[in-house]
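Coordinates in review
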Amino acid sequence: MRASEKAYAALRDDIVEWRLAPGTVLAEVEQSERLGVSRTPLREALGRLTAEGLTTPGGRGVVVTDISLEDIDELFELRETLEGKAAALAASRGDTTTFEQLQRELVGAPDLINGNDPARHEYYELVGRLDTAIDAAISNSYLAQAMRSLRVHLVRIRRLAADDAARLTAAAAEHAAIAEAIAAGNPKLAEAATIVHLHRSLSHVKATHASHHKEHHG
């Protein structure tokens, strides 16, 4: 792995997982020492993060961007458009068996959520497989690419609201409904199920974000 790749992946992870909080200044000397890379690859990595909107140039160097409630609203407006359309296309073009299988697994997801893995890797991996199956089914690389660039920010937001088993259990049922509508080949239902899911996620994230901000910013 190239040095700039390594630095980029490490910093991106730290930002997405909230180990580097919004407002943190990423000083070149300090970060290049911490990550064991020289200044040039570090600059490349910071350039990529800035292009993705995870960092922004500030007075004293590059700063980790904040996620405001406004940003969250805007992201969800775009998600509704893209993901609603993608689910509808997947229902027209997708392979029934794939989505029936995903639906069965999602119906069983509460076991993964309430199991003994606090990070819930298996659950997130399953949701990731639904995303991937939809991306593959729509066979539209532009739409898939647009959704991928959004997902960076979504993972970051999701971490804010990640620990709530009750919300995840409800979300699993919503994902199952999306998979079911796609498997049934019903574009309108698939789109509606996606919009319901996003609307509920948004309400939950906003409630969590408000209390998270109080903790961090007093």
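To be clear, the structure that these remarks concern was listed above.
An account of the accompanying structure is given in this report. (Residues numbered from 1 in each chain as written. Predicted model: local features only at pLDDT ≥ 70, side-chain atom pairs only at ≥ 80, totals over all residues. Heavy atoms only, no water.)

**Things to note about the environment of Ala172**
As a reminder, the rule being used: Helix numbering and strand numbering both begin at the N terminus, where a helix is a DSSP run of H or I of at least 4 residues and a strand a DSSP run of E of at least 2. The classification of residues rests on relative accessible area computed with a 1.4 Å probe and restricted to protein chains. Under 20% of the type maximum is buried, over 50% is exposed, and intermediate values are partly exposed. The contact criterion used is simple: two residues touch if any of their non-hydrogen atoms lie within 4.5 Å.
Looking at the secondary structure, you find Ala172 in helix H9 (residues 165-183). Ala172 sits in the buried class, given a relative accessible area of 1%. With 67 residues separating them in the primary sequence, Ala172 and Glu105 have C-alpha atoms 9.6 Å apart. Discounting chain neighbours no more than four positions away, the residues touching Ala172 are Leu106, Ala109, Ile113 and Tyr123.

**Some words on the packing of aromatic side chains**
Each aromatic ring pair is specified by the distance between its two centres and by the angle formed by the two planes. Put simply, the rule reads: Between the rings of Phe, Tyr and Trp (Trp by its six-membered ring), a pair exists once the centres lie within 6.5 Å; its type follows the angle of the planes, with under 30 degrees stacked, over 60 edge-to-face, and the other angles tilted. Only when the NZ of Lys or the CZ of Arg is both within 6 Å of the ring centre and within 35 degrees of the ring normal is a charge said to sit over the ring.
Inspection of every chain in the model, using the stated rule, returns 1 aromatic pair. Sitting over the ring of Trp18, Arg156 keeps its end group 5.5 Å from the ring centre.

**Section: the sheet that holds strand E2 (residues 55-58)**
The cut-off we apply is this: Strands are labelled as partners when DSSP assigns at least two bridges between them. Axes here mean lines fitted to C-alpha atoms, for a helix over just the part in contact, with angles spanning 0 to 180 degrees between N-to-C directions.
If you trace the 3 strands from one edge of the open sheet to the other, you get E1-E3-E2, paired in antiparallel fashion. Among the strands making up the open sheet, the edge pair consists of strand E1 (25-26) and E2. With 2 bridges joining them, E1 and strand E3 (residues 61-64) adopt antiparallel strand pairing. Bridge assignment links Leu26 to a residue of E3, and that residue is Val62. Contacts from helix H3 (residues 39-51) reach E1, E2 and E3 within the one sheet, and its direction differs from that of E2 by about 110°.

**Section: a negative patch on the surface**
Defined as follows: Patch membership needs two things, relative accessible area over 30% and no salt bridge, and members are linked within 9 Å if like-charged or within 5 Å if nonpolar (Val, Leu, Ile, Met, Phe, Trp, Tyr). Accessibility throughout is a Shrake-Rupley quantity obtained with a 1.4 Å probe, and a residue counts as covered only by protein chains that appear here. Salt bridge, as used here: a side-chain nitrogen of Lys or Arg that lies within 4 Å of a carboxyl oxygen of Asp or Glu. Charge counting treats Lys and Arg as positive and Asp and Glu as negative, with His and both chain ends excluded. Charge coordinates come from a single atom per side chain, which is NZ of Lys, CZ of Arg, CG of Asp or CD of Glu.
Judged by side-chain charge, Asp66, Glu70, Asp71, Glu74, Glu77, Glu80 and Glu191 come together as a negatively charged surface patch. Per-element accounting of the negative patch gives the leading share, 5 residues, to helix H4 (residues 69-93). Relative to the assigned elements, Glu70 resides in helix H4.

**Side note on the nonpolar core**
We count it as follows: The definition of a nonpolar core used throughout is a set of buried Ala, Val, Leu, Ile, Met, Phe, Trp, Tyr and Cys residues joined through side-chain atoms within 4.5 Å.
Ranked by internal contacts, the top residues of the largest apolar core, which has 43 residues, are Phe99, Tyr123, Ile134, Ile138 and Ile182. Elements represented by at least two residues in this core include exactly H4, helix H5 (96-107), helix H6 (109-113), helix H7 (121-138), helix H8 (141-160), H9 and helix H10 (187-217). Sequence-distant contacts of Phe99, that is, excluding residues within four places in its chain, are made with Ala90, Gly94, Leu130, Ala133, Ile134, Ala137, Ala179, Ile182 and Ala183. By size, the runner-up hydrophobic cluster in this structure holds 16 residues, among which are Leu20, Val37, Leu46 and Leu54.

The analysis is restricted to geometry; functional conclusions fall outside its scope.
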